[in-house]
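# Topology and contacts: notes
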Amino acid sequence: QVQLVESGGGLVQAGGSLRLSCAASGRTFSNYVMGWFRQAPGKEREFVATITYFRSTYYADSVKGRFTISRDNAKNTVVMQMYSLKPEDTAVYYCAASSRGPTRLYSDYTYWGQGTQVTVSS
């Protein structure tokens, strides 16, 4: 079992930045590909970014060049730095872990955090 806890969400103006963190516990963190998804009200959960053990990264087209995902395997932590935020980035952001990967498929992620709200005002 893996437990994931997100933090770092908040309210920012368009063009601002936020740093989201995900703390993992329960099992060997390095065995998992880690990802971030987001979900806006009334919409499907959307892939944002994923990172492998050796820090290969993949991003949704909508966030390329603006978001950066990273991980510290020794500290069991995943971070997503978000900059140049846009109102359309507003969503609940979820950290997730997959024994597959790298993958952008929702169904491939086994463990999920509770989410952290990101709101970008215009």
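Anyway, here's the lowdown on the structure attached to this text. Note that this is a predicted model, so its numbers are computed, not measured. Residue numbers here run from 1 along each chain, matching the order of that chain's written sequence. Only residues with pLDDT of 70 or above have their local features reported here, since the model is predicted, and side-chain atom pairs are shown and tallied only from 80 upward, although totals for entire chains, interfaces and linings are computed over all residues. Side-chain numbers come from the whole structure's heavy atoms, not from hydrogens or water.

## Some details on the nonpolar core
To form a nonpolar core, buried Ala, Val, Leu, Ile, Met, Phe, Trp, Tyr and Cys residues must be joined to one another through side-chain atoms within 4.5 Å. Burial here depends on accessible area, computed with a 1.4 Å probe over protein chains only, as a share of the maximum for the residue type. Under 20% is buried, over 50% is exposed, and the range in between is partly exposed. Leu4, Met34, Trp36, Met80, Met82 and Tyr93 are the most contacted members of the largest nonpolar core, which has 36 residues in total. Elements supplying a minimum of two residues to this core: β3 (18–25), β4 (33–39), β5 (46–51), β7 (67–72), β8 (77–82), β9 (91–98) and β11 (116–121). In terms of residue count, the dominant contributor to this core is β9 (five residues). Going along the chain from the N terminus, every DSSP run of H or I of four or more residues is numbered as a helix, and every run of E of two or more is numbered as a strand.

## So, the packing of aromatic side chains
Two aromatic rings, drawn from Phe, Tyr or Trp (for Trp, its six-membered ring), form a pair once their centres lie within 6.5 Å of each other, and the interplanar angle then sorts them: stacked below 30 degrees, edge-to-face above 60, tilted otherwise. Considering all chains together, one arrives at eight aromatic pairs under this definition. Both rings, one in Phe37 and one in Tyr106, keep their centres 6.4 Å apart while their planes meet at 85°; by these two values the pair is edge-to-face. Remark: Tyr106 occurs in the loop between β9 and β10 (111–112) and Phe37 occurs in strand β4; sequence separation between them is 69 residues. We classify Tyr106 as partly exposed; its relative accessible area is 44%. Taken together, Phe37, Phe47, Tyr106, Tyr109 and Trp112 form an aromatic cluster joined through their ring pairs. A ring has a charge above it when a Lys NZ or an Arg CZ is no more than 6 Å from the ring centre and no more than 35 degrees off the ring normal. Here the guanidinium or amino end of Arg45 rests over the ring plane of Tyr94, the centre of that ring lying 3.8 Å away. The side chain of Arg45 reaches across the aromatic face of Trp112, ending 4.9 Å from its centre.

## What to know about the state of the cysteines
The definition used for a disulfide is geometric: two cysteine sulfur atoms within 2.5 Å. Counted under the stated rule, the structure contains one disulfide. The disulfide partner of Cys22 is Cys95, and the gap between their sulfur atoms is 2.1 Å. Classification of the bridge connecting Cys22 and Cys95 rests on its S-S torsion, roughly -80°, and on that basis the disulfide is left-handed. Of this pair, Cys22 sits in strand β3 while Cys95 sits in strand β9, placing them 73 residues apart in sequence. Like Cys22, the residue Cys95 is buried in the burial classification.

Honestly, it's all geometry; don't read function into it.
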